[in-house]
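As a plain string of letters, each chain reads:
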Amino acid sequence: MADPITVSGPVSGTEKTLAFETGKFAPQSMGAVVATIGGTKVLTTANAAKSVREGMDFFPLTVDVEERAYAAGKIPGSFFRREGRPTEDAILTCRLTDRPLRPSFPDGFRNETQIVTTVLGADQSNPHDVLSINAASAALMISGIPFEGPIGAIRMAYSQDGSWIPHPTYEEAENGTFELVVAGRELDNGDVAVMMVEAGGSENAFYYYDDGAKKVTEEVLADGLQACKVWIKESIALQRQLVASVIATNGAIEPMKWTPVLDYTPEIFAAVEKAGSEKLAPVITIANKSERNEATDAVTAEIIAEVCGSKDAPGEFAGSEKMVKEAVRSLNKKLMRARVVNEGVRMDGRGVADLRAISAEVGVLPTAHGSGLFQRGETQVMNVLTMAMPRMNQMIDSLSPNDTKRYLHHYNMPPWANGETGRVGSPKRREIGHGALAARAVLPVIPNQEDFAYTLRLVSEVMSSNGSTSMASVCASSLSLMDAGVPVRSHVSGIAMGLIYEDGKYITLTDILGSEDAFGDMDFKVAGTEDAITALQLDTKIDGIPADVLTAALAQARVARLEILEVMNACIAQSRDEVAETAPKISTIFIPLDKVGEVIGPKGKVINTIQQETGADIGVDDDGARGIVTIGAVEAWRMEEAKAAILAIVDPPKAELGAVYMGRVVNITKFGAFVNILPGRDGLVHISKLGGGKRINSVEDVLELGQEIEVRVEEIDDKGKVSLTPAGDPPPAKEGSSSSNDSGSSERRERAPRKERSNDSDSAPAASGGGVDVVEVSFEDSFDAQLADELGDLGPKSERPSGDGGGRSGGRRRHR
């Protein structure tokens, strides 16, 4: 086994060390690097195909993240006890790794390329996602695959005291107000160009703001984009050190041989530009998306016919129809960008900072717990909120220390949202990523589960798409939350920004169209309240964007966000006072930990009885210091009845000596009946008091479960146990039952003298030792009594088969 090559360096401002290692694992991979920080370790490999697949008209880069349960000392929780489809965290890490790498490959490189990160160690303290970005860049740097790196990445947490913490632990991020992930490259002048940003507020951010923490505004975020450069440079320097060590040990890294694939030749583009510039100029001014697409298709067909000719009269570029079509697309992009740069006018006639028409509506679906409809231009999203008991929290089986999630946001975009056909089914990576972004934007304003016990599931349905459906999902989510009566802090609005870099000038576009997203150089999304940013996402198609350009873009985005907030506030300014009639009404009670068992009862008997009687749904949990009882029901009165019953158990009312109560029989035993006289308070009526002075053989002869009976409190002992006696006339015996004083029973035989009975027993087959009395002993009754002392009331006694004494089916055994 070869000796590994290892480089490491300290993370400034921390006691942590970032390390890269190669040469030990995956020796046949073109590039393989193990990256480590703390106890978290990932292996990232980079490989590329030797040739281009025929007909490949895009760069086929795939990033996969394999989360291994053993990394965290776990066994997968699935039925097969094996890792299956990627978790949501793994998919988000794939996207996070892909985004800064993709624009760093040269134009024309179409060889299939695959980056695979396998998580080998997860210390439950240091996340592995940013480590994956750095390891992927390092693996590409030593692989020989054409890659314009290295790329450095850093996660920072904004603490409550207003400082940025590099590579924070899960706990540090949770205790902060904001997280910021930035990836970038180092320029020749030593500055860092930002290539990717992913950021969001923490779950308790607004609680920390209430306690005096500094809010994350555009200015704070701009400071963070400057602060991150130190740690990005450290990662880049470490990767360069690794490359130098590999070259020093193994010799020069042999570059991969590859052939650029051109979408079209310069000659074809020149011909298309000459034939199509005048024809396309009016097309790019059509505001309606479908009309513009139809006009573009018609002009494209005309240009292809003119440049390529026909079968009967072939043109100069006959047979190159596909290249001509790509050249038309590039010409369309060139004309659109030139119009924006030179005239300040966009495809739909707006200025660079103008918003499209905006509308907002709530209460769209009458049966939903909450619903909101948001439209911006041709982009339309409906969000539907469903609320449920905390037991519906999602269970998470991942490598992070988080094992539950109570706020879920799912995003769906069917092909018909673009007027197209396509696959409909399970969500794709894009849909998962957009849903996660919208969730991150809204999460900080949602009350925690202690203040608002519900599990929340929001579903964003994209009805029409033409630019930034994810930010429309944020706005629609905020509307549906207020419509449902969720006490959110305020509305959250989101906006998508674009960027065009031409002739050394950066032009920022507000509220970009789908075409502007495709033809532009940056996709920049920001969401927040009136006074704080809650989420940010940025991706570039160029080599990076200066921080001062991003700062100016943030300020321009704020103006648009506030304008959107005005429309949303005009629709619904604050959360409704009560949840919808169709939603469950939930109340949470905190009880002493030692009372949890009493509320649940033996085998769940008590809590099940309350649920059956009230129709409420009850969940019982604890946080180690106190019991947490959550009660829910669609009808509020059911919830209140269940709540009163539980409070009566926790602090039951006291019975008064000598008082008369109308009670209900809740349990019957051999020695008497237990009667509930007050909420949470039962008493015993002994069997000797039920016959009205006559002896009865069984309690069931006079009483049955659920029967009402008037009783008087006869005695209360020092432990609070209540002894009862029937008030007024004793309950009548049931028809067919008999008591010990029934002299008219013809079936009872006369009691024989002891001597005669003894002689009779001699004739019994089992009595082999004459003159010995047979004593009947019940081990079951003794065991039931012992359990009752330890666990409480065990419920009605079941009927056991008596057997015939000769087999094992009998309920009792005879002992001499």
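Residues numbered from 1 in each chain as written. Predicted model: local features only at pLDDT ≥ 70, side-chain atom pairs only at ≥ 80, totals over all residues. Heavy atoms only, no water.

Caption draft 1: Looking closely at the overall build of the protein chain. Helix and strand content of the protein chain: 18 helices and 31 strands. Considering the protein chain as a whole, with its 816 residues, one finds that 48% of them fall into the buried category. Summarising the internal contacts of the protein chain: among those between residues at least 6 apart in sequence, 70% fall at separations of at least 24. Accessible surface for the protein chain amounts to roughly 40000 Å². Of this, 50% is attributable to carbon and sulfur atoms. (Helix = DSSP H or I, 4+ residues; strand = E, 2+ residues; numbered from the N terminus. Buried < 20%, exposed > 50% of the residue type's maximum accessible area, 1.4 Å probe, protein only. Contact = heavy atoms within 4.5 Å. Areas by Shrake-Rupley, 256 points an atom, 1.4 Å probe, with all protein chains shown as cover.)

Caption draft 2: Highlighting the sheet that holds strand β27 (residues 681-686). An order of β25-β26-β27-β29-β28 is seen for the five strands of this closed barrel, with the pairing classed as mixed. Strand-to-strand, the axes of this sheet are offset by a mean angle of 55 degrees, without reference to chain direction. Across five bridges, the pairing between strand β28 (residues 708-716) and strand β29 (residues 722-726) is antiparallel. Within β29, the residue paired with V713 across the bridge is L724. (Pairing = 2+ DSSP bridges. Axes fitted to C-alpha atoms, helices over the stretch in contact; angles between N-to-C directions.)

Caption draft 3: Examining the sheet that holds strand β17 (residues 455-464) more closely. Here we have five strands laid out as an open sheet, ordered β11-β12-β13-β17-β16, and mixed in their pairing. The open sheet has two free edges, formed respectively by β11 (358-362) and β16 (407-412), since each of these has just one partner strand. Adjacent strand axes in the sheet meet at a mean angle of 15 degrees, parallel and antiparallel pairs treated alike. As judged from the six bridges shared by β16 and β17, these two strands associate in the parallel manner. From the neighbouring strand, H410 faces β17, where its bridge partner is V459.

Caption draft 4: Structural view of the nonpolar core. F20, F105, V182, M387, L456, L481 and V486 are the most contacted members of the largest nonpolar core, which totals 135 residues. No other element matches the nine residues that helix α11 (residues 469-484) contributes to this core. The residues contacting V182, other than those within four sequence positions of it, are G152, A153, I154, V194, M196, V197, L225, C228 and I232. In this structure, V665, L678, V699 and V702 belong to the second largest nonpolar core, which totals 21 residues. (Core = buried A, V, L, I, M, F, W, Y, C linked by side-chain atoms within 4.5 Å.)

Caption draft 5: Spatial organisation of the packing of α11 against helix α13 (residues 547-571). Where α11 contacts α13, the two axes come as close as 11 Å, and the packing angle between them is 25 degrees. Taken together, α11 and α13 sit at an angle that is classed as roughly parallel. Pair α11 / α13 crosses with right-handed handedness. Each of C475, S478 and L479 in α11 lies in contact with α13, whose residues at this interface are I564, M568 and C571. Taken together, the residues that form the contact of α11 with α13 break down as five nonpolar, one polar and no charged. (Parallel < 35°, antiparallel > 145°, perpendicular 65-115°, else oblique. Left-handed = near helix turned anticlockwise from the far one by under 90°. Nonpolar A, V, L, I, M, F, W, Y, C, P; charged D, E, K, R; others polar.)

Caption draft 6: Region of the structure containing the packing of helix α1 (residues 88-101) against helix α2 (residues 129-141). Look at α1 against α2: their axes get within 9 Å of each other, and the N-to-C directions meet at 45 degrees. Of the possible angle classes, the one that applies to α1 and α2 is oblique. Two packed elements cross with a definite hand, and for α1 against α2 that hand is right-handed. Two secondary-structure elements touch here, α1 through T93, L96, T97, P100 and L101 and α2 through D129, S132, I133, A136, S137 and L140. Taken together, the residues of the contact of α1 with α2 sort by class into six nonpolar, four polar and one charged.

Caption draft 7: Fine view of the pairing of strand β3 (residues 31-37). Of all the seven residues making up β3, seven are buried; the element is thus mostly covered by neighbouring parts of the structure. The pairing of strand β2 (residues 17-22) with β3 spans four bridges and is classified as antiparallel. Bridge pairing in β3 places L18 opposite I37. With seven bridges connecting them, β3 and strand β4 (residues 40-48) associate as antiparallel partners. Bridge pairing in β4 places T36 opposite K41. Hairpin connection of β3 to β4: two residues between the antiparallel strands, including G38 at a positive phi of 65 degrees.

Caption draft 8: Region of interest: empty space enclosed by the protein. Following the criterion strictly, the structure yields one cavity of 30 Å³ or more and no others. By volume, the largest cavity amounts to about 70 Å³. Broken down by class, the residue content of the lining of the largest cavity amounts to five nonpolar, two polar and two charged. (1 Å grid on protein atoms, 1.4 Å probe; cavity = no way out; pocket = protein on both sides within 12 Å on 5 of 7 lines; lining within 4 Å. Points joined across faces, edges and corners; volume = space filled by probe spheres on them.)

Caption draft 9: Summary view of unusual backbone geometry. Residue P150 follows G149 across a cis peptide bond; omega there is 0 degrees. Looking at the element boundaries, P150 is found in the loop between α2 and β7 (152-158). Not every positive phi belongs to a glycine, and R81 is a case in point at roughly 55 degrees. The topology assignment puts R81 in the loop between β5 (61-67) and α1. Of note in this structure, K603 is not a glycine but carries a positive phi near 55 degrees. Within the element layout of this structure, K603 appears in the loop between α14 (596-600) and α15 (605-614). For K603, a relative accessible area of 89% translates into the label exposed.

Caption draft 10: Representation of the side chain of S480 within the structure. With respect to the element layout, S480 can be found in helix α11. Residue S480 is classed as buried on the basis of its relative accessible area, which comes to 0%. A polar side-chain atom of S480 sits 3.0 Å from the main-chain carbonyl oxygen of S477. When near neighbours in sequence (up to four residues on either side) are disregarded, S480 contacts G370, S371, G372, N383, L385 and L458. (Polar contact = N/O pair within 3.5 Å; in protein donor to acceptor, adjacent residues only side chain to side chain.)

Caption draft 11: Up close: the pattern of salt bridges. By the definition in use, this model includes 36 salt bridges. In this structure, K428 and E431 form a salt bridge, with 4.0 Å as the shortest nitrogen-oxygen distance. Overall, E431 belongs to the buried group, its relative accessible area being 7%. (Salt bridge = Lys/Arg side-chain N within 4 Å of Asp/Glu carboxyl O.)

Caption draft 12: Molecular detail of the packing of aromatic side chains. Evaluated as defined, the whole model comprises 11 aromatic pairs. On the numbers, 5.7 Å between centres and 20 degrees between planes, the contact of Y264 with F269 is stacked. Since its relative accessible area comes to 22%, Y264 is described here as partly exposed. A relative accessible area of 16% places F269 in the buried class. Of the aromatic side chains, those joined through ring pairs into one cluster are F59, F105, F109, F147 and W258. In this arrangement the basic side chain of R489 is found over the ring face of Y207, its NZ or CZ atom lying 4.9 Å from the centre. (Phe/Tyr/Trp six-rings, centres within 6.5 Å; stacked < 30°, edge-to-face > 60°. Lys NZ or Arg CZ within 6 Å of the ring centre and 35° of its normal.)

Caption draft 13: Just the side chain of T300, in detail. By the secondary structure assignment, T300 is in helix α8 (residues 289-308). Overall, the relative accessible area of 9% leaves T300 in the buried class. When neighbours within four sequence positions are excluded, T300 is seen to be in contact with K325 and V328.

Caption draft 14: Representation of the environment of N47 in the model. By secondary structure assignment, the location of N47 is in strand β4. Along the backbone, N47 and T113 are 66 residues apart, and their C-alpha atoms lie at a distance of 5.8 Å. A distance of 2.9 Å separates a polar atom in the side chain of N47 from the backbone nitrogen of M30.

Caption draft 15: Just α8, in detail. The terminal C-alpha atoms of α8 lie 28 Å apart, and with 20 residues this matches the ideal 28 Å at 1.5 Å per residue to within 8%. Where α8 is concerned, the buried positions are R292, A295, T296, V299, T300, I303, I304, V307 and C308. Downstream of α8 by a residue or two, G309 has a phi angle that is positive, lying close to 75 degrees. (Expected span 1.5 Å × (residues − 1).)

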